[in-house]
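# Observations on chain architecture
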Amino acid sequence: MRRVILIVLDSFGIGGAPDAAAFGDQGANTLGTIARFCADKQTPLHIPHMLELGLGQAAQLADSHFPAVFNSALLSHGLWGAASEVSKGKDTPSGHWEIAGLPVPFDWGYFPHSIPAFPEDLTDTVICQEGLSGILGNCHASGTEIIAQYGEEHIRTGKPIFYTSSDSVLQVAAHETHFGLQRLYDLCAALRLLVDPLNIGRVIARPFTGETPESFERTGNRRDFAVPPPQPTLLNIVEASGHDVYAVGKISDIFAGSGVTQLRKAHGNQALVDATLEAMNEAGDGDLIFTNLVDFDMLYGHRRDIAGYAAALEAFDKRLPEILGKMREGDVLILTADHGCDPGWQGSDHTRECVPVLIAGAGSGTIGMRNSFADIGKSVAAYLGLKNELAGEDFLTAHTGYRQSERSGESDA
């Protein structure tokens, strides 16, 4: 049996990106900020299982020092390393596509910080085309804050709330019942076509419920309408080999469904871990399970909630033994991230950081500093014995002592 479970802890950066200054993020360190905050509160960050896989050593590799609040004498029982990004953005699609062996060398389109943020011809067209009475927002904003600001007016007028961020994204918030969930999806699908000429990475439907600012709550029915990858990724290569790609969480949205054979949706990190465990029960030889744990980024990173981020890390770490315990002989587990979102940094946007690469099931030691997230996808494809032209370099074969025939998929070690 050869299976790979690839879990992205969305936004869990570890600092030290060589080009951080170019993004205004010199010194940003998601893990470092959280660890220091917990130490200052005299409640040290308790993530022993990730530390046993080499998280502390990976952080030292990325940021030139071992996090002072962790025990540097703790030996890693896993294979560990860190990776820096070569894609030009620090957004979700760029990070995930690069993890899957496809760096993004081009610049996404972005909306300006001016008000209105969106081109008049775009908003006029969608208002006319979709029969809207108008739109609200039309600016850069935090999703929860803009819903609190405009939610009641939205319910009263039926006008959807349009907003954006420093990412290449157009987000639309609307009430699930007063506006209608399917109507929101249809609106975002129409917008997806309209923003294609602007090279916008994602249109995101952000449904919410409640009747007042105090009771408004975004639901788990978010849907991302992403531009599809321009070339084959790891997902397409696994699918073409006749094996399954289990996309857990928003993975399918990020890749516009390309290469996904089994879709598993869930709301919240704990439910996403449950869905990953269920996929591990079902997946067969040669399959890939690809999970995104979005709460780290959406609920805590962007909201600059350090305590919440710490609690979420500890909650995931408590579940890690379940994942490890369900692994079969030949399984490889990889924990990584797609970018940073330092909850102690200014603003509410992603931060350019290196990410950890923690591996169970492939021995112990270090894979060193990887110059691209693409090394992950390249290594997964090689481990599964799949012929590919993905970017990156394989770091798994040398450590597993396993080499597969690219044609037959059978071991010739």
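Everything below is about the structure printed above this text.
Every value quoted in this text rests on a predicted model; they were computed, and no experiment measured them.

Further remarks concern the overall build of the protein chain. From N to C terminus, the protein chain includes 14 helices and 14 strands. Based on the C-alpha atoms only, the size of the protein chain along its principal axes is roughly 65 × 50 × 40 Å. Put simply, the protein chain has 413 residues, and 58% of those count as buried. Taking contacts inside the protein chain between residues at least 6 apart in sequence as the whole, the part at least 24 apart equals 67%. Side chains of the protein chain carry 30 positive and 52 negative charges; the gap between the two charge centres is 1 Å.

For the structure shown, the criterion picks out 14 salt bridges. In this structure, R3 engages D331 in a salt bridge whose closest nitrogen and oxygen atoms are separated by 2.7 Å. In this pair, R3 is assigned in the segment before β1 (4–9) and D331 in the loop between α12 (306–326) and β12 (332–336), connecting sequence segments 328 residues apart. Of the two residues, R3 and D331, neither departs from the other in class, the shared state being buried. The shortest N-O distance in the salt bridge between D274 and R319 comes to 2.6 Å. Taken as a pair, D274 in helix α10 (residues 269–282) and R319 in helix α12 lie far apart in primary sequence, 45 residues in all. Taken together, the salt bridges that share partners define one network made up of D167, R202, R222 and D224.

Looking now at the sheet that holds strand β11 (residues 288–293). Strand order in the open sheet made by the eight strands is β10-β9-β11-β1-β12-β13-β2-β14, with mixed pairing throughout. Two strands close off the open sheet at either side, each with one partner strand: β10 (262–264) and β14 (365–370). Averaged over all adjacent pairs, the angle separating strand axes in this sheet is 15°, with direction ignored. Pairing geometry for strand β9 (residues 245–248) and β10, over three bridges, is parallel.

For strand β3 (residues 136–140), the tally of buried residues reaches five of five residues, placing the bulk of the element in the interior. Here β3 runs beside strand β4 (residues 161–164); their pairing, made up of four bridges, is parallel. For H140, the partnering residue across the bridge sits in β4 and is T164. Running through helix α6 (residues 143–157), the crossover from β3 to the neighbouring parallel element β4 is right-handed.

Now for unusual backbone geometry. Of note, the bond from I115 into P116 is cis; its omega dihedral lies within 30 degrees of zero at 5°. Secondary-structure assignment places P116 in the loop between α4 (92–99) and α5 (120–130).

Attention now goes to the packing of α10 against α12. Their axes nearest at 10 Å, the elements α10 and α12 cross at an angle of 5°. Here α10 is positioned roughly parallel relative to α12, judged by the angle of their axes. Contact with α10, carried on its side by Q270, V273, D274, L277, M280 and N281, involves A315, F316, R319, E322, I323 and K326 of α12 and no other residues of that element. Its residues assigned to classes, the contact of α10 with α12 comprises six nonpolar, two polar and four charged.

Looking now at the side chain of D342. Tracing the chain through its elements places D342 in the loop between β12 and β13 (355–360). Summary of buried charges: D342 has no salt-bridge partner, and the nearest side chain of opposite charge, R36, is 5.7 Å away. Every residue in contact with D342, bar those within four places of it in the chain, is listed here: A28, N29, T30, T33, R304, T351 and E353.

A large share of α4 lies buried, amounting to eight of its eight residues. All buried positions along α4 are accounted for by T92, P93, S94, G95, H96, W97, E98 and I99. Contact partners of the buried residues in α4: β1, β6 (202–209), α9 (251–254), β11, β12 and α13 (374–383). By the N-cap criterion, in which a side-chain oxygen at the helix start approaches the backbone nitrogen of a residue two or three places on, α4 is capped by D91, the distance to S94 being 2.9 Å. Immediately beyond the C-terminal end of α4, within one or two residues, lies G101, with a positive phi of roughly 90°.

Within the secondary structure, R352 is located in the loop between β12 and β13. Polar contacts involving the side chain of R352 include one to the main-chain carbonyl oxygen of E85, which spans 3.1 Å. Residues in contact with R352, not counting those within four places in the same chain, are A17, D19, A20, F23, D25, E85, V86, S87, K88, G89 and K90.

The rules we used
- Residues numbered from 1 in each chain as written.
- Predicted model: local features only at pLDDT ≥ 70, side-chain atom pairs only at ≥ 80, totals over all residues.
- Heavy atoms only, no water.
- Helix = DSSP H or I, 4+ residues; strand = E, 2+ residues; numbered from the N terminus.
- Buried < 20%, exposed > 50% of the residue type's maximum accessible area, 1.4 Å probe, protein only.
- Contact = heavy atoms within 4.5 Å.
- Lys, Arg positive; Asp, Glu negative; His and termini not counted.
- Charge placed at Lys NZ, Arg CZ, Asp CG, Glu CD.
- Salt bridge = Lys/Arg side-chain N within 4 Å of Asp/Glu carboxyl O.
- Pairing = 2+ DSSP bridges.
- Axes fitted to C-alpha atoms, helices over the stretch in contact; angles between N-to-C directions.
- Right-handed = clockwise from strand over helix to strand, strands pointing away.
- Parallel < 35°, antiparallel > 145°, perpendicular 65-115°, else oblique.
- Nonpolar A, V, L, I, M, F, W, Y, C, P; charged D, E, K, R; others polar.
- Polar contact = N/O pair within 3.5 Å; in protein donor to acceptor, adjacent residues only side chain to side chain.

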